[in-house]
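Working through the structure, step by step
Here's the letter readout for the chains.
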Amino acid sequence: MRIAVNHKGERMDDPLTVHDINVLTVIANESYKDFVSALQKEIAEAVSDRPKVADEAYFKGKVIEVEDGRRVEIDERKAKLIERYLIKNDYVDLDGKITESYHKAKEEGTVAPLPEELQETAEQVFMLVDSVYSDVMLPDFANEYNQKPNPINDNLKKKEFLALWENINKKAVYTVHFDSDELVDNAANALDKELRVRVLEYRVVEGEMGADLTADDIKSGEAFSVKENLPIKGDYSIYSSVQYDLIGKLASETKLTRRTIGEILKKVSDKTFGNYKKNPEEFISNAARIINEQKATTVIEHLSYDPTEQTHYLEDIFTVDANRQYDIKRLQEVNKHVYDFLVTDSKVEKEFAKHLDVASEVVVYAKLPASFFIPTPVGEYNPDWAIAFEEGQVKHIYFVAETKGSMSTMQLKKIEEIKIECARKFFDKITSKQVKYDVVDSFDALMEIVK
């Protein structure tokens, strides 16, 4: 299959929109029922290696990495807690299979909180749950007419929206000027405070194959029985048969020069650097993460945007989503949006849109497509909303909003925090004082800012 091109002959392979534009439609030369049955069978076979049951046995013994880089093994108690949590909230059925209730809660952002003992590893626990195969997530082909387009309406041509678009439809390039000595000091201090490295450990598992085995025993994986499971901690010198280019690897992972990495390592304490002998690979991985975080923080402090003559084309930005087909269950009917329907990512966004649609102060709004983005040193950033208010009713007529379920920076990932700070600098530089950008968690929070 070839990547689609636009009217200029340009390949439509932008990572943000490639999967939205390049949609393959299959016209089967067999009955619809047979095609659907065969396709679902193929999907099921393709994921046959994935675990199918979310029970205590599945979670027990899994090793996960927490925020500070430590690796934590899920013991029997925690495995039981996870299983009970899933049963209590109807997220698994009697056979331990993931239910539709779990997927619906994930989609709406209403997943019940984990027990306090599991809060530290909540993100990793849910990743384990998500890796369990669930046939309720297979495509529902029961009714091929459950799809409909989401056309653009006349709100896109309203003078208020066109004025809003003129204010925010600007591209810019960023530059970063910072003192490398400042980064060296910050990174060295952060490594001394935050770097944690586990002692290398391996397990010796002894087992034996049973006698008088049947074919069923072999197929079920019960041919062997474990006799002993013994953890052994390593006590090795760094001078082993495996050679590591510590400075080179850190330079590669952080995109800094070897000289800068060398300066950072010279400034860390002997105790911190001594962790390298315990576990070289984990030392490199965790140190690179910490240095990158410090680099990102330093970049924000010395980042500036300069507008260019380029702009986004209004029609190109919005017609991409208008040409897509959506499951009617995902479409929310709205009045003041630039499309007839709204496709949201969470319950927070659904509630936010409901309030926008009935607020007398709001004239028109848009959920910004992924192809509208701001360049940042840590990747492209796509704001959520663009809103035009009735002139005279608010102090900020135009608002660009990012909606989050929590306003606590502790619950935002580092990468999100950096992108949001970049967006603040971008809009402060390129837009008029009538435009305001901020992060809100509700319509009430939005109105507190604009009034």
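Before going into details, it helps to say that this report is about the structure given with it.

So, how was this worked out
- Residues numbered from 1 in each chain as written.
- Predicted model: local features only at pLDDT ≥ 70, side-chain atom pairs only at ≥ 80, totals over all residues.
- Heavy atoms only, no water.
- Helix = DSSP H or I, 4+ residues; strand = E, 2+ residues; numbered from the N terminus.
- Buried < 20%, exposed > 50% of the residue type's maximum accessible area, 1.4 Å probe, protein only.
- Contact = heavy atoms within 4.5 Å.
- Areas by Shrake-Rupley, 256 points an atom, 1.4 Å probe, with all protein chains shown as cover.
- Phe/Tyr/Trp six-rings, centres within 6.5 Å; stacked < 30°, edge-to-face > 60°.
- Axes fitted to C-alpha atoms, helices over the stretch in contact; angles between N-to-C directions.
- Parallel < 35°, antiparallel > 145°, perpendicular 65-115°, else oblique.
- Left-handed = near helix turned anticlockwise from the far one by under 90°.
- Nonpolar A, V, L, I, M, F, W, Y, C, P; charged D, E, K, R; others polar.
- Salt bridge = Lys/Arg side-chain N within 4 Å of Asp/Glu carboxyl O.
- Expected span 1.5 Å × (residues − 1).
- Arc of directions from axis to C-beta.
- Pairing = 2+ DSSP bridges.
- Core = buried A, V, L, I, M, F, W, Y, C linked by side-chain atoms within 4.5 Å.

**Here's the deal with the overall build of the chain**
- Secondary structure assignment for the chain yields 17 helices and 14 strands.
- Looking at the 451 residues of the chain, the share that counts as buried comes to 38%.
- Pairs at least 24 residues apart make up 69% of the contacts formed inside the chain by residues separated by at least 6 positions.
- Carbon and sulfur atoms make up 49% of the accessible area of the chain, which totals about 27000 Å².

**Points about the side chain of Asn167**
- Looking at the secondary structure, you find Asn167 in helix α7 (residues 159–168).
- Asn167 sits in the buried class, given a relative accessible area of 14%.
- With sequence-adjacent residues up to four places away left out, Asn167 is seen in contact with Tyr398, Ile430, Thr431, Ser432 and Val435.

**As for the packing of aromatic side chains**
- If you walk through the whole model with that rule in mind, you get 18 aromatic pairs.
- Note on Tyr91 and Tyr102: the rings are 5.4 Å apart at their centroids and 70° apart in plane angle, and the pair reads as edge-to-face. Of this pair, Tyr91 sits in the loop between α4 (76–88) and α5 (100–108) while Tyr102 sits in helix α5; the two residues are 11 residues apart in sequence, bridging distant segments of the chain. By the burial criterion, Tyr91 is buried, and Tyr102 matches it.
- Their ring planes at 50° and their centres at 5.6 Å tell us that Trp165 and Phe372 sit as a pair that is tilted.

**Notes on the packing of helix α10 (residues 246–254) against helix α11 (residues 258–267)**
- For the pair α10 and α11, interaxial distance at closest approach is 9 Å and the crossing angle is 115°. In terms of axis orientation, α10 runs roughly perpendicular to α11. Our pair here, α10 against α11, has a crossing hand that is right-handed. Of α11, the residues touching α10 (which contributes Leu246, Ile247, Gly248, Leu250, Ala251 and Thr254) are Arg258, Ile261, Gly262 and Leu265.
- In the contact of α10 with α11, the residues fall into six nonpolar, three polar and one charged.

**Brief notes about the pattern of salt bridges**
- Per the counting criterion, the structure on display carries 16 salt bridges.
- Where Arg198 meets Glu282, a salt bridge forms, and the shortest distance between an N and an O atom there is 3.4 Å. Of this pair, Arg198 sits in the loop between α8 (180–194) and β5 (201–209) while Glu282 sits in helix α13 (residues 280–301); the two residues are 84 residues apart in sequence, bridging distant segments of the chain.
- With a closest N to O distance of 3.2 Å, Lys266 and Glu263 form a salt bridge. One end of the pair, Lys266, and the other, Glu263, are both in helix α11, three residues apart, so they sit about a helical turn from each other.
- Classification of Glu263 as partly exposed rests on a relative accessible area of 30%.

**Description of helix α15 (residues 347–358)**
- For α15, spanning 12 residues, the distance from its first C-alpha to its last is 17 Å, which sits close to the expected 16 Å at 1.5 Å a residue.
- Looking only at α15, the buried set comprises Glu349, Phe352, Ala353, Leu356 and Asp357. End-on view of α15: buried residues confined to an arc of 135°, all on one side of the axis.

**Description of the sheet that holds strand β12 (residues 385–389)**
- If you walk across this open sheet you meet the four strands as β11-β12-β13-β14, and the pairing is mixed. A strand with exactly one partner marks an edge of an open sheet, and here the two such strands are β11 (362–367) and β14 (435–440). Between one strand and the next, the sheet's axes are offset by a mean angle of 20°, whatever the strand orientation.
- With five bridges joining them, β11 and β12 adopt antiparallel strand pairing. By the bridge assignment, Tyr365 is partnered in β12 with Ile387.
- In the packing of α15 onto the sheet, contacts are made with β11, β12, β13 (398–403) and β14, and the angle to β12 comes to roughly 15°.
- Lying over the sheet, helix α17 (residues 443–450) contacts β11, β12, β13 and β14, oriented at roughly 145° with respect to β14.

**Things to note about the nonpolar core**
- Membership of the largest hydrophobic core comes to 38 residues, with the highest contact counts inside it found for Phe161, Ile168, Phe318, Val338, Phe427 and Tyr437.
- The element contributing the most residues to this core is helix α16 (residues 414–430), with seven residues.
- Setting aside residues up to four positions removed in sequence, Phe161 forms contacts with Asn155, Leu156, Leu314, Phe318, Val338, Val364 and Ala366.
- Core analysis: the second largest hydrophobic core is formed by 26 residues, Tyr58, Val66, Leu118 and Phe126 among them.

**Focus: the pairing of β12**
- Burial within β12 is extensive, with five of its five residues counted as buried.
- Both faces of β12 are covered, namely the face carrying Trp385, Ile387 and Phe389 and the face carrying Ala386 and Ala388.
- For β12 and β13, the ladder comprises four bridges, and the chain directions are antiparallel. Within β13, the position partnered with Ala386 by the bridge is Val400.

**Looking at the side chain of Gln294**
- Along the chain, the position of Gln294 falls in helix α13.
- Discounting residues that sit within four places of it in the chain, Gln294 has contacts with Leu183, Asn186, Ala187 and Ala190.

**What to know about the environment of Ser360**
- Take Ser360: it is sitting in the loop between α15 and β11.
- Taking relative accessible area as the criterion, Ser360 reaches 55% and is therefore assigned exposed.
- Separated by 29 residues in the primary sequence, Ser360 and Phe389 place their C-alpha atoms 8.8 Å from one another.
- Beyond its immediate chain neighbours, meaning those up to four positions away, Ser360 contacts Lys336 and Gln393.

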